[in-house]
Amino acid sequence: MNKSIHTERQKRLMELLRTTREKQDITQIQLARRLGKYKTYVSKYETGEHQLDVVEFLAVAEALGLDPGKVLAKVRG
């Protein structure tokens, strides 16, 4: 198994979360505030510098109004 966090699935998740945020016209700062985090937190997971764990993913999905199961189904491919 590839040890890199930059797997195709990870790239799809990063892209899906970023494009969803942008389509909703939410800035990284606004999303970070919803999450109780700094803007760099959002920037880092969107660029792949930080890989979200399950609990973090659930928080981001909730903050964006996404169904986590549907997101994972899209990422799974």
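Our structure is the block above this text.
So, a few notes on the structure that sits alongside this text. No experiment lies behind these values; they were computed from the predicted model shown.

**Concerning unusual backbone geometry**
No. 1: Although it is not a glycine, Asp 25 sits at a positive phi angle of roughly 55°.
No. 2: Here Asp 25 lies in the loop between helix H1 (8–23) and helix H2 (28–35).

**What to know about the environment of Asp 53**
No. 1: With respect to the helices and strands, Asp 53 occurs in the loop between helix H3 (39–47) and helix H4 (54–63).
No. 2: We classify Asp 53 as partly exposed; its relative accessible area is 41%.
No. 3: One polar contact links the side chain of Asp 53 to the main-chain amide nitrogen of Glu 56, over a distance of 2.7 Å.

**So, the packing of H1 against helix H5 (residues 68–76)**
No. 1: As a packed pair, H1 and H5 sit with axes 8 Å apart at the nearest point and diverge in direction by 135°. Here H1 lies oblique to H5, going by the angle between them. Judged by the sense of rotation from one axis to the other, the crossing of H1 with H5 is right-handed. Residue-level contacts link Arg 9, Arg 12, Leu 13 and Leu 16 of H1 to Val 71, Lys 74, Val 75 and Arg 76 of H5.
No. 2: A per-class count over the contact of H1 with H5 returns four nonpolar, no polar and four charged.

**So, the nonpolar core**
No. 1: In this structure, Leu 17, Leu 31, Leu 35, Val 42, Tyr 45, Leu 52 and Val 60 are the most contacted members of the largest nonpolar core, which totals 18 residues.
No. 2: Breaking this core down by element, the ones donating at least two residues are H1, H2, H3, H4 and H5.
No. 3: In terms of residues, this core owes the most to one element, H4, which gives four residues.
No. 4: The residues touching Tyr 45, leaving out its near neighbours within four places in the chain, are Met 14, Leu 17, Leu 31, His 50, Leu 52 and Val 60.

**Some thoughts on the pattern of salt bridges**
No. 1: Per the counting criterion, the structure on display carries six salt bridges.
No. 2: In this structure, Glu 15 engages Arg 18 in a salt bridge whose closest nitrogen and oxygen atoms are separated by 2.6 Å. Taken together, the residues Glu 15 and Arg 18, both in helix H1 and three residues apart, mark about one turn of the helix.
No. 3: One salt bridge connects Arg 21 with Glu 46, and the closest N-O pair in it is separated by 2.7 Å. With Arg 21 in helix H1 and Glu 46 in helix H3, this residue pair connects regions lying 25 residues apart in the sequence. The pair Arg 21 / Glu 46 is uniform in exposure class, with both members buried.

Rules used throughout
- Throughout, residues of each chain are indexed from 1 in the direction in which the sequence is written.
- Side-chain atom pairs in this predicted model are given and counted only at pLDDT of 80 or more, local residue features only at pLDDT of at least 70, and totals for whole chains, interfaces and linings cover all residues.
- Values shown for side chains rest on all heavy atoms present in the structure; no hydrogens or waters enter the calculation.
- A run of DSSP states H or I qualifies as a helix once it reaches four residues; a run of E qualifies as a strand once it reaches two. Both are numbered from the N-terminal end.
- Throughout, exposure labels follow a simple rule: accessible area from a 1.4 Å probe, protein chains only, divided by the maximum for the residue type, with under 20% read as buried, over 50% as exposed, and the rest as partly exposed.
- Polar contacts here mean pairs of N or O atoms no more than 3.5 Å apart (in protein, one a potential hydrogen donor and the other a potential acceptor; neighbouring residues in sequence count only if both atoms are side-chain atoms).
- In this analysis an axis means a line fitted to C-alpha atoms, helices contributing only their contacting stretch, and an angle means the value between N-to-C directions, from 0 to 180 degrees.
- Working definition: roughly parallel below 35 degrees, roughly antiparallel above 145 degrees, roughly perpendicular at 65 to 115 degrees, and oblique for all remaining angles.
- What makes a crossing left-handed is the near helix being turned counterclockwise from the far one by less than a right angle; a clockwise turn instead makes it right-handed.
- Two residues qualify as a contact provided that any one of their heavy atoms is within 4.5 Å of a heavy atom in the partner residue.
- For this classification, the nonpolar set comprises Ala, Val, Leu, Ile, Met, Phe, Trp, Tyr, Cys and Pro, the charged set comprises Asp, Glu, Lys and Arg, and every other residue, Gly included, is treated as polar.
- Throughout this description, the term nonpolar core refers to a set of buried Ala, Val, Leu, Ile, Met, Phe, Trp, Tyr and Cys residues connected via side-chain atoms within 4.5 Å.
- By definition here, a salt bridge exists when the distance from a side-chain nitrogen of Lys or Arg to a carboxyl oxygen of Asp or Glu is within 4 Å.

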